Amino acid sequence: MPLHIPFDNSYAALPTDFYTAQNPTAVQSPSLIAFNDDLAKLLGITAGDVDEQARVFAGNVVPDGATPLAQLYSGHQFGSYNPQLGDGRAVLLGEVIGTDGIRRDIQLKGSGPTPYSRSGDGRAWLGPVLREYVVSEAMHALGIPTTRALAATLTGQPVYREAAFPGAVLTRVAQSHLRVGSFQVFAHRGQTEQLKTLTGYAINRHYPDAKGPMDLLRAVCAAQAELIPAWMAVGFIHGVMNTDNCSIAGETIDYGPCAFMDAYAQTRVFSSIDQGARYAYANQPNIAVWNMAQFATALIQAMDDKEAAVEEATAIIHAMPAQLEAAWLRRFGAKIGLSAPTPADQAMIEDLLALMEQNGADFTNTFAALGTPVARDQFSDPNAFDGWATGWQSRLQGAPDAAQVMAAANPLIIPRNHRIETMIQSALANDYAPFERLMAALSDPFANSDPALCKAPVPSEIVPATFCGT
Ligand code: AMP
Ligand code: MG
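Residues numbered from 1 in each chain as written. Chains lettered and ligands numbered in written order. Predicted model: local features only at pLDDT ≥ 70, side-chain atom pairs only at ≥ 80, totals over all residues. Heavy atoms only, no water.

> Can you walk me through the coordination of the magnesium ion (ligand 2) in this structure?
The reference angle at a metal is 109.5 degrees if four donors form a tetrahedron and 90 or 180 degrees if six donors form an octahedron. With distances of 1.8 to 2.2 Å, the protein atoms coordinating the magnesium ion (ligand 2) are Asn245 (OD1) and Asp254 (OD). Note on accessibility: asparagine 245 and aspartate 254 belong to one class, buried. (Donors = N, O, S within 2.8 Å, 3.2 Å for Na, K, Ca; no water. Buried < 20%, exposed > 50% of the residue type's maximum accessible area, 1.4 Å probe, protein only.)

> Any chance you could explain the side chain of glutamine 294 here in plain terms?
Note on placement: glutamine 294 falls in helix 7 (residues 284-300). By relative accessible area, which is 15% here, glutamine 294 ends up buried. (Helix = DSSP H or I, 4+ residues; strand = E, 2+ residues; numbered from the N terminus.)

> Quick question: what am I supposed to make of the pattern of salt bridges here?
Between side chains of opposite charge, pairing is possible as soon as their charged atoms come close. Scanning the entire structure with this criterion turns up 22 salt bridges. For the salt bridge of arginine 161 with aspartate 121, the shortest nitrogen-to-oxygen distance reads 2.7 Å. On the criterion of sequence distance, the pair formed by arginine 161 in the loop between strand 9 (148-160) and strand 10 (164-174) and aspartate 121 in the loop between strand 7 (103-109) and strand 8 (124-125) is long-range, its members being 40 residues apart. The partner of glutamate 226 in a salt bridge is arginine 331, and the shortest N-O contact between them spans 3.9 Å. Placement of the pair is glutamate 226 in helix 6 (residues 213-232) and arginine 331 in helix 8 (residues 306-335), with a sequence separation of 105 residues. Classification of glutamate 226 as partly exposed rests on a relative accessible area of 32%. Several salt bridges share partner residues, and in doing so they unite Asp8, Glu95, Arg103, Asp105 and Arg205 into one network. (Salt bridge = Lys/Arg side-chain N within 4 Å of Asp/Glu carboxyl O.)

> What is the right way to read unusual backbone geometry from this model?
Phi is mostly negative for residues that are not glycine, and the peptide bonds are mostly trans. The phi dihedral of phenylalanine 78 is positive, around 50°, even though this residue is not glycine. The residue phenylalanine 78 is located in the loop between strand 4 (75-77) and strand 5 (80-82) in this model. Its identity as a non-glycine residue notwithstanding, asparagine 430 has a phi of 70°, on the positive side. Residue position: asparagine 430 is located in the loop between helix 13 (417-428) and helix 14 (433-442). Taking the relative accessible area as the measure of exposure, asparagine 430 reaches 62% and is therefore exposed.

> In this structure, what is going on with the packing of helix 8 against helix 9 (residues 346-358)? I would like to understand it.
A packed helix pair is summarised by two numbers, namely the angle formed by the two axes and the spacing between the axes. The geometry of helix 8 relative to helix 9 is characterised by a closest axis approach of 10 Å and an angle of 65° between their N-to-C directions. Viewed along their axes, helix 8 and helix 9 adopt a mutual orientation that is roughly perpendicular. With respect to the hand of their crossing, helix 8 and helix 9 are arranged in left-handed fashion. For the pair formed by helix 8 and helix 9, the contact residues are Trp328, Leu329, Phe332 and Gly333 on the first element and Gln346, Ile349, Glu350 and Leu353 on the second. (Axes fitted to C-alpha atoms, helices over the stretch in contact; angles between N-to-C directions. Parallel < 35°, antiparallel > 145°, perpendicular 65-115°, else oblique. Left-handed = near helix turned anticlockwise from the far one by under 90°. Contact = heavy atoms within 4.5 Å.)

> Explanation requested: the packing of helix 9 against helix 11 (residues 382-395) in the structure shown.
Between helix 9 and helix 11, the shortest axis-to-axis distance is 10 Å and the interhelical angle comes to 160°. In this view, helix 9 runs roughly antiparallel relative to helix 11, as classed from their interaxial angle. As helix 9 runs across helix 11, the sense of the crossing is left-handed. Contacts between helix 9 and helix 11 involve Met348, Asp351, Leu352 and Leu355 from the first element and Ala384, Phe385, Trp388, Gly391, Trp392 and Arg395 from the second.

> Honestly, the domain arrangement of the protein chain in this entry has me stumped. Any pointers?
Put simply, an interface is often sized by how much accessible area is lost when its parts join up. Considered domain by domain, the protein chain is made up of domain 1 (11-174) and domain 2 (178-410). Between the C-alpha centres of domain 1 and domain 2 there is a distance of 26 Å. Across the domain 1 to domain 2 interface the summed buried area is about 3,100 Å²; carbon plus sulfur atoms make up 60%. Linking domain 1 to domain 2 there are five salt bridges. Among the salt bridges present, the one from aspartate 105 reaches arginine 205, with a minimum N-O distance of 2.7 Å. Taken together, domain 1 and domain 2 are joined by 15 residue pairs in polar contact (both at pLDDT 80 or more). Secondary structure elements with two or more residues in the side of domain 1 that touches domain 2: strand 4, strand 7, helix 3 (126-141) and strand 10. Each residue belonging to the side of domain 1 that touches domain 2 can be placed in one class, and the counts come to 16 nonpolar, ten polar and ten charged. (Domains from an automatic or database assignment. Buried area = accessible area lost by both parts, 1.4 Å probe. Polar contact = N/O pair within 3.5 Å; in protein donor to acceptor, adjacent residues only side chain to side chain. Nonpolar A, V, L, I, M, F, W, Y, C, P; charged D, E, K, R; others polar.)

Listed below in structure tokens is the structure:
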């Protein structure tokens, strides 16, 4: 059966100042790298054959029912407002409603220039495409809200960054690509009608119970307050939490210079462009609050009684740190075996993290080993861990389900940065076996299906930085 995507597009029905109609730019010789059959099934897509997949997902053939467009948005990048960003190298093909009843966007990323490209080439290269493919699917398997990867293709054309690299296109699936920046652009331009329309659209699509802008704000704050502690519980550092990369649906979006940390360090940064450590591991909750304050500021522009709106929005934003802390405590409590941690348990968790940091302990492997005799081996001073473990064991007296709680909260495998880098190097040499191997192991992160991939890097293997170069 030929490839078929059951499009049901809603964004394209919004006024034309929300986007620019834009077809993907055809490429020289499209070829398929990967196609996600499970996700295709969820989306009700008939897969077709490999050649069709390559043509459609590289952008050479616009599938029936698609209404390709580039979305308008703006955003704060590293704290400074940029009045116009928009899809500079992506096009939204359209939306489908999955077998689970959820509406999702299908977007090509790296599909050629658009009116929002500024000085960019509209393209992506193989490395970032594979990084996003692997990491987004790994996040999904970890149970963390995220955009997903439907396909990756090669374009057969070079992309010029620090050098020439093979061009590639990622097909990204998201509950939507609405961002804080989608609202900011209209707020900053004083386009209140558009802002109201977008607010209604977002409520309809994502939070149908919300009664108005402040309910929407409350819902997005709640989603972000769940999401960031979920990242922290697996050692994930997004790296570029700009407001244009902050999803209204509460999904992790835009895997650029992201990475998972190996040894635990609060101040860990991977992104080579994050000079001020704005998006460091432990600063992510603060940034989520900052981003939601920008969202609130935008929403208020469309409200009639601004004074009352400011008061309500302020209360919502001020409630967020407590929500983040509660979600953090729930996540990290589970990591040490407590299904109902109390605020008094917070100190015990923080003590363990501090010991991990002082002793160079690997984040993932320490939690994975808790309760086994080898946990102490993660610490340069194992006695320091023993001291902590004595107090922990007595706390666990009242927690008979601790082993199951920990097993469900502590993954055995994460996409380690050195493995991602070697996977990319292999792919550049046309060897996709490491990509396939990572994908297979990461699909079940709570099982130890590939012990070598679970190992922390030895010092010579550590890849300390990621480069935007996307
Ligand atoms: P990002 O850092 O990927 O979130 O992108 C920030 C902004 O830069 C977005 O508006 C992107 O569309 C745009 N952008 C990033 N890379 C390119 C590129 N190669 N060509 C055109 N626009 C780009
Ligand atoms: Mg972005």
